[in-house]
Amino acid sequence: MIKNISTSRRTFLHGLSASSLVALAPRLSAAPMQLPALRQLAGGHPLIGAAVPTHFDKRLNAQEKAILSSQFDSVTPENCMKWQSLCRKQGEYNFGPIDRLVEMAKANKQKVVGHTLIFNRDGNYPDWLFRDGGKEADSKLVWKRVEAHVVKLMTRYKGRIDSWDVLNEFVESHDPGYRVTDFTRFLGKDYPVRLFKLAAEIDPKAKLTYNDFAVENPKRQKAILAFVRSLQDSGCRVDVIGSQSHLEIGDDVGKNINSMIKNFAAIGVRSAFTELDVDVISRKLFWNPKTRPAAVLQNPYPVSCPDEVLQQQAKVYHSVFEAVMANRKNVDRVTMWGITDRNSWLNNWPWKRVNHGLLFDRASAPKPAFHSIAKILARR
Ligand code: G3I
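If you're wondering where the values come from, they're calculated on a predicted model, not measured in any experiment.

Novice: In this structure, what is going on with the packing of helix α14 (residues 307–326) against helix α15 (residues 368–378)? I would like to understand it.
Specialist: For any two helices packed against each other, the geometry is given by the interaxial angle and the distance between the axes. Where α14 meets α15, the axes come as close as 7 Å, and the angle between the chain directions of the two elements is 25°. By the angle class used here, α14 and α15 are roughly parallel. For the crossing formed where α14 meets α15, the hand is right-handed. Contact with α14, carried on its side by Asp307, Leu310, Gln311, Ala314, Tyr317, His318, Phe321, Glu322 and Met325, involves Pro368, Ala369, Ser372, Ile373, Ile376 and Leu377 of α15 and no other residues of that element. Classifying every residue of the contact of α14 with α15 gives 10 nonpolar, three polar and two charged.

Encoded structure:
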């Protein structure tokens, strides 16, 4: 560990101006680390963000809080704004965790992402949404509830949310072209049009984002582009397309990301990388039912991740940031899906293992991926 820190320091300090260095709170007896601040290096173009866990005030330690405030200029609530977390019981909204996040962001001069108004995946809504007493709700009642939820949430934080993820994960590249969920079953496949129009009406100044996964995949990219064009043709405002970017080592995405940003810009929409992480344990075997039983037994790096693997990971982060910086006027934001490996969702999904997908390790030490990004940003 100690060896890592000193190697890290040397790599960091090389080639960076003193003004872009910030001190991280000392860890126990160690001297404070001088780290370049990604947010400062990027200068807001793009914004550099992180997802923040619910109850971050208790769940993050002092090191993690220092990283959050010094490195990032945008924060996304990882879970507390999702409908199922916010309003588990009908009529009982738990705004406390969001309020605290918004206050913390203000103190740190950070922008806040509204994640997410509607998450088009079964399970990502409260149990009561599609019920009406002992029977199923009808579509009118469901839309009334969606409308009331969106109005309540967006109005409360109007002027304090930089960008709303209006809709999450609607598109599929195979038939019927969208993910069939309770939302599409009850509201029909065109509900995104109503949703985007409603969001634009409530907060004309906030950026409106369509957010999806595997956007770097050309087939999905094409389908997402067609979907967003159809929204535009129906009179909707879509400012940003969010590419979640849950990547893994070995992914070769630079070229696709480059063309993605350009293709979206051609229809007047900017890009964001909304949930970036790079899994060091390939998930490919998990998606094949035949190899899944073996896949879920994998936990190759339970103590620490070998440097050679971290270098491969840095390569993937590097390719994302190269493409971002080559197209920076069309990129709104790059958000990491977490702060350190200690609290990353990749430790639990799609199976439990000790994972290492982010820029800082479990002891909050910067990893090769961090150095590599800092270097690219420092070149601007
Ligand atoms: O907090 C409870 C805990 O009390 C309980 O014991 C435990 C048992 O399962 O669950 C805990 O809640 C979990 C929550 O994460 C907090 O860790 C939920 O089960 C789990 O479903 C939830 O997963 C989140 C997932 O979205 C589902 O909404 C992940 O943390 C979060 O990282 C992930 O984020 C999504 C983005 O919003 C959209 N894009 C994809 C990304 C990954 O699915």
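Past the structure itself, the notes keep going.
Novice: It is not clear to me how the pattern of salt bridges should be interpreted in this structure. Could you clarify?
Specialist: Pairs can form between side chains of opposite charge whenever their charged atoms are close. Under the definition given, this model contains 23 salt bridges. A salt bridge links Glu169 to Arg121; the nearest nitrogen and oxygen atoms lie 3.0 Å apart. Of this pair, Glu169 sits in the loop between β8 (163–168) and α8 (182–187) while Arg121 sits in the loop between β5 (111–119) and β6 (131–132); the two residues are 48 residues apart in sequence, bridging distant segments of the chain. The exposure class of Glu169 is buried, given its relative accessible area of 3%. Given a relative accessible area of 35%, Arg121 falls into the partly exposed group. A salt bridge links Arg283 to Glu248, with the shortest nitrogen-to-oxygen separation between them at 3.6 Å. Taken together, the residues Arg283 in the loop between β12 (270–279) and α12 (284–287) and Glu248 in strand β11 (residues 246–248) connect sequence positions 35 residues apart. Side by side, Arg283 and Glu248 carry an identical accessibility label, which is buried.

Novice: Mind showing me how you'd approach the state of the cysteines here?
Specialist: Counting across every chain of the model gives zero disulfides. Cys80 carries a free sulfur, and the closest cysteine sulfur to it, the one in Cys87, is 14 Å from it. The exposure class of Cys87 is buried, given its relative accessible area of 1%.

Novice: Would you mind showing me how to read the site of the ligand here?
Specialist: The environment of the ligand is made up of 15 residues, and the closest members are Glu78, Lys82, His115, Asn124 and Glu275. A distance of 3.1 Å separates a nitrogen atom of the ligand from a polar side-chain atom of Gln244. For the shell around the ligand, the per-class residue count stands at three nonpolar, seven polar and five charged.

Novice: I'm lost on the side chain of Asp341 in this one. Help?
Specialist: Relative to the elements of secondary structure, Asp341 occurs in the loop between β13 (331–336) and α15. Within the structure, Asp341 has its side chain in polar contact with the side chain of Lys367 (distance 2.7 Å).

Novice: Quick question: what am I supposed to make of unusual backbone geometry here?
Specialist: Between His45 and Pro46 the backbone carries a cis peptide bond, its omega angle lying at 5°. Along the polypeptide, Pro46 turns up in the loop between α2 (38–42) and β3 (47–52). Following His115, the chain continues into Thr116 via a peptide bond in cis, with omega recorded as 5°. A positive phi angle, close to 55°, is found at Lys109, a residue other than glycine. Structurally, Lys109 is set in the loop between α6 (96–107) and β5. Lys109 gets classed as exposed once you look at its relative accessible area, which sits at 69%.

Novice: Is there a simple way to explain the pairing of strand β9 (residues 207–212) in this structure?
Specialist: Along any regular strand, the residues point their side chains to alternate faces of the sheet. For β9, the buried fraction is high: five of the six residues fall into the buried class. Pairing analysis gives five bridges linking β8 to β9, with the strands arranged parallel. Each residue of the ladder has a partner; that of Trp164, found in β9, is Leu208. By the bridge criterion, four bridges tie β9 to strand β10 (residues 240–243) in an arrangement that is parallel. Pairing of Thr209 across the sheet is with Val240, part of β10. Handedness of the β9-helix α10 (residues 218–233)-β10 crossover: right-handed.

Calculation criteria
Residues numbered from 1 in each chain as written. Predicted model: local features only at pLDDT ≥ 70, side-chain atom pairs only at ≥ 80, totals over all residues. Heavy atoms only, no water. Axes fitted to C-alpha atoms, helices over the stretch in contact; angles between N-to-C directions. Helix = DSSP H or I, 4+ residues; strand = E, 2+ residues; numbered from the N terminus. Parallel < 35°, antiparallel > 145°, perpendicular 65-115°, else oblique. Left-handed = near helix turned anticlockwise from the far one by under 90°. Contact = heavy atoms within 4.5 Å. Nonpolar A, V, L, I, M, F, W, Y, C, P; charged D, E, K, R; others polar. Salt bridge = Lys/Arg side-chain N within 4 Å of Asp/Glu carboxyl O. Buried < 20%, exposed > 50% of the residue type's maximum accessible area, 1.4 Å probe, protein only. Disulfide = S-S within 2.5 Å. Near = heavy atom within 4 Å. Polar contact = N/O pair within 3.5 Å; in protein donor to acceptor, adjacent residues only side chain to side chain. Pairing = 2+ DSSP bridges. Right-handed = clockwise from strand over helix to strand, strands pointing away.

Honestly, it's all geometry; don't read function into it.
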